[in-house]
Amino acid sequence: MRKLFVIGIGAGDPDHLTVQAIKALNQVDVFLILDKGTEKQDLVDLRRRIIDEHVANHSYRLVEARDPDRDRTTNAYTSAVHDWRRRRADVCEKLIRDELGPDECGAFLVWGDPALYDSTLAIVEDILSRGTG
C-alpha cells in the first residue's frame, strides 16, 4: 500500500526540524516537490538542502512538478483560490499516481505546521475524495 506524508519543515531552517520530521524524512522513497518558478527557486533549493542534510543511508527520488499559478490580480479572491487549489490538486494527484509505486512512501515538505498553515492537507483530502487512486 502506498503511504503519503505531509511533513512540516518549520520556518525552513534545516537545524529547526523536529525529531519526528527527521524520522519521517528517513522513511520516504519519493519526495514530491512543487516548483513555483524561477523567482521562488530558493524554496525548492531549501527543500533539497533539508533532504540532503537529514536523510541518511537510503536511496530516494526527487520528483518536481510545476505548481499552477494563482491569479493574484482578480477581485474574486475566493474563487481564484478555489480554482488554484483544484488545479494544484490535479498536479499533486498526477504526481502521486504516476511517481509513487504501490509499496512506496512519498512526501510533500511544507512550511510550518501543515495542520495550521498550509493547504496541502486539504488538497490531499480533495484527492482522496475523488476516489481515483
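Right above here is the structure, for reference.
Reading the values: the criteria
Residue numbers here run from 1 along each chain, matching the order of that chain's written sequence. The predicted nature of this model means local features are confined to residues of pLDDT at least 70 and side-chain atom pairs, given and counted, to a pLDDT of 80 or more, with totals for whole chains, interfaces and linings taken over all residues. Water and hydrogen atoms were dropped before computing side-chain values, which therefore reflect all heavy atoms in the structure. Ring pairs shown here join Phe, Tyr and Trp side chains whose ring centres sit within 6.5 Å, with only the six-membered ring taken for Trp; geometry is labelled stacked below 30 degrees between planes, edge-to-face above 60, and tilted in between. Lysine NZ or arginine CZ positioned within 6 Å of the ring centre and within 35 degrees of the ring normal marks a charge as sitting over the ring. Only one rule defines a salt bridge in this text: a Lys or Arg side-chain nitrogen within 4 Å of an Asp or Glu carboxyl oxygen. The secondary structure listing takes helices from DSSP runs of H or I that are at least 4 residues long and strands from runs of E that are at least 2 residues long, numbered from the N terminus. When accessible area is computed with a 1.4 Å probe and restricted to protein chains, residues below 20% of their type maximum are described as buried, those above 50% as exposed, and intermediate ones as partly exposed. Helix span, as expected, comes to 1.5 Å for every residue beyond the first. By arc we mean the arc of the directions from the helix axis to the C-beta atoms, nothing more. A contact between two residues is defined here by any heavy atoms of the two lying within 4.5 Å. By convention in this document, the label disulfide applies to cysteine sulfur atom pairs within 2.5 Å.

## Things to note about the packing of aromatic side chains
Here comes step 1: Under the definition given, this model contains 1 aromatic pair.
Here comes step 2: The ring of Trp 84 carries the charged tip of Arg 70 above its face, separated from the ring centre by 5.8 Å.

## Looking at the pattern of salt bridges
Here comes step 1: Under the definition given, this model contains 15 salt bridges.
Here comes step 2: The salt bridge partner of Glu 99 is Arg 61, with a shortest N-O separation of 3.3 Å. Of the two residues, Glu 99 sits in helix H3 (residues 77-99) while Arg 61 sits in strand E3 (residues 61-66), which places them 38 residues apart along the sequence.
Here comes step 3: Under the relative-accessibility criterion, Glu 99 is labelled partly exposed at 28%.
Here comes step 4: The structure contains a network of salt bridges with shared partners spanning Asp 83, Arg 86, Arg 87, Asp 90, Glu 93, Asp 126 and Arg 130.

## Details of helix H2 (residues 41-54)
Here comes step 1: Between the first and last C-alpha of H2 there are 20 Å, a value that for 14 residues agrees with the 20 Å anticipated at 1.5 Å per step.
Here comes step 2: Inspection of H2 places Val 44, Arg 47, Ile 50, Ile 51 and His 54 among the buried residues, and these make up the whole buried set. Viewed end-on, H2 has its buried residues packed into an arc of 120°, placing them on one side of the element. Within H2, the exposed residues directed more than 90 degrees away from the buried face are Asp 42 and Asp 52.
Here comes step 3: Next to the buried residues of H2 lie helix H1 (19-25), strand E2 (30-35), E3 and strand E4 (105-110).

## Quick look at the state of the cysteines
Here comes step 1: Summed over all chains, the structure comprises 0 disulfides.
Here comes step 2: Counting only cysteine sulfurs, Cys 105 is the nearest neighbor of Cys 92, a cysteine outside any disulfide, at a range of 15 Å.

In short, geometric facts, not functional conclusions.
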